[in-house]
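Examining the three-dimensional arrangement
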Amino acid sequence: MIFSDFLKSIAQFDDPRFRRVLWRGLGLTIVLLAAACLLVIYSVNQLLSSALVAGVIGDQSWLGSLFNIGGVLLTIALSIWVMVPVASAIIALFLDEVAQAVEARHYPHLPKQAATKLQDQFLVSIRFLGLLILANIGALILSMILPFLAPVVFWATNGYLMGREYFQMAAMRRVPRRQAQELLRRHQGAIWCAGILMAIPLTIPLVGLFIPILGAATFTHLFERLRALPSG
C-alpha cells in the first residue's frame, strides 16, 4: 500500500500546483546557495585584507584568489549534502498547496481545509531544517568512520525524520496534535518504511529534488489511509 501511495503521488505530477511548488522551492534554494558562496568570498576577502593578516603574509592577492576558489568549491561540495534538506525545509512552506491538490483529486469528500498560517508554516520549516541538518551531519560523521554503512545510515536517518515530520505535517492539517501523535506511534513502522522509500532516491542526483513534493503527497495519502483503519 505504501508503494501505491507513492505511485499515486508520481502520477499527479502533471498537476500544475505540484510543479509550481517545485520551482518555488528550487528557486529559493539556489538563491540561498548562491548567497552562501558570496558570503564565503566576502568573508575570505575581509580576512585577508585585515591589517593583521597583511602584516604576517604581506601581499596576499594570489592567496585571496586561491582561497576564494577553494571556498566556492567547498561550498558547492557541501551544498550537494545539504541541498535536499534545505529544499525540503523551503518546500515545507508550501506543503498546504501540495496537500490541497492531492485532496482535491483523490479525496473530494473532505471538507475544505483552511490554509495554515504563514507563521506556523515557517516554524515547521525551521524545525524540519534543523533536524535534517543535524541528522545529516551525524550521518556524514558516521559515514566517514564506517564508509561501507554510509547508504544505510543515510536512508535510515533521513527515512525516520522524513517519515515522522511529513506524517505529522499531513496529519495535523486534519486532526489535533494528540491524535496525530497517536497515529504516528501506532503506525511508526509503516511510517518509517514510507520515509525510507522517500530517502532512497535522495542519493540519486537531481531525482532527490523531486522527493519533498512526492513525500508531502505520499504522506497525505498515507495519513488518509491509516486514519481510516480501525483503532484496535
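Report on the accompanying structure. (Residues numbered from 1 in each chain as written. Predicted model: local features only at pLDDT ≥ 70, side-chain atom pairs only at ≥ 80, totals over all residues. Heavy atoms only, no water.)

**Quick word on helix 10 (residues 211-227)**
Given a rise of 1.5 Å per residue, 17 residues ought to cover 24 Å, and the 23 Å separating the end C-alpha atoms of helix 10 matches this to within 8%. Counting buried residues along helix 10, 15 of its 17 residues qualify, which places the element largely inside the surrounding structure. (Helix = DSSP H or I, 4+ residues; strand = E, 2+ residues; numbered from the N terminus. Expected span 1.5 Å × (residues − 1). Buried < 20%, exposed > 50% of the residue type's maximum accessible area, 1.4 Å probe, protein only.)

**Observations regarding the environment of Q181**
The residue Q181 is located in helix 8 (residues 177-186) in this model. Along the chain, Q181 and Q168 lie 13 residues apart, while their C-alpha atoms are 7.2 Å from each other.

**Considering the nonpolar core**
Residues F18, F167 and F219 are the most contacted members of the largest nonpolar core, which totals 42 residues. Setting aside its immediate chain neighbours within four residues, F18 contacts S9, Q12, F13, V98, A101, V102, I213 and A217. (Core = buried A, V, L, I, M, F, W, Y, C linked by side-chain atoms within 4.5 Å. Contact = heavy atoms within 4.5 Å.)

**Observations regarding a nonpolar patch on the surface**
A contiguous nonpolar patch, built from I137, I141, L142, M144, I145, L146, F148, L149 and V152 and spanning about 870 Å² of accessible area, is present on the exposed surface. Per-element accounting of the nonpolar patch gives the leading share, five residues, to helix 6 (residues 118-145). Residue placement: I145 occurs in helix 6. The exposed category is assigned to I145, whose relative accessible area is 59%. (Patch = residues over 30% accessible without salt bridge, like charges linked within 9 Å, V, L, I, M, F, W, Y side chains within 5 Å. Areas by Shrake-Rupley, 256 points an atom, 1.4 Å probe, with all protein chains shown as cover. Salt bridge = Lys/Arg side-chain N within 4 Å of Asp/Glu carboxyl O.)

**Details of the pattern of salt bridges**
For the structure shown, the criterion picks out 12 salt bridges. Note that D96 and R173 form a salt bridge whose closest N and O atoms lie 2.8 Å from each other. On the criterion of sequence distance, the pair formed by D96 in helix 5 (residues 95-106) and R173 in the loop between helix 7 (150-171) and helix 8 is long-range, its members being 77 residues apart. This pair shows no difference in class: D96 is buried, exactly as R173 is. With its nearest N and O atoms 3.3 Å apart, the salt bridge here joins E165 to R164. One network of salt bridges, in which partners are shared, links D96, E103, R173 and R174.

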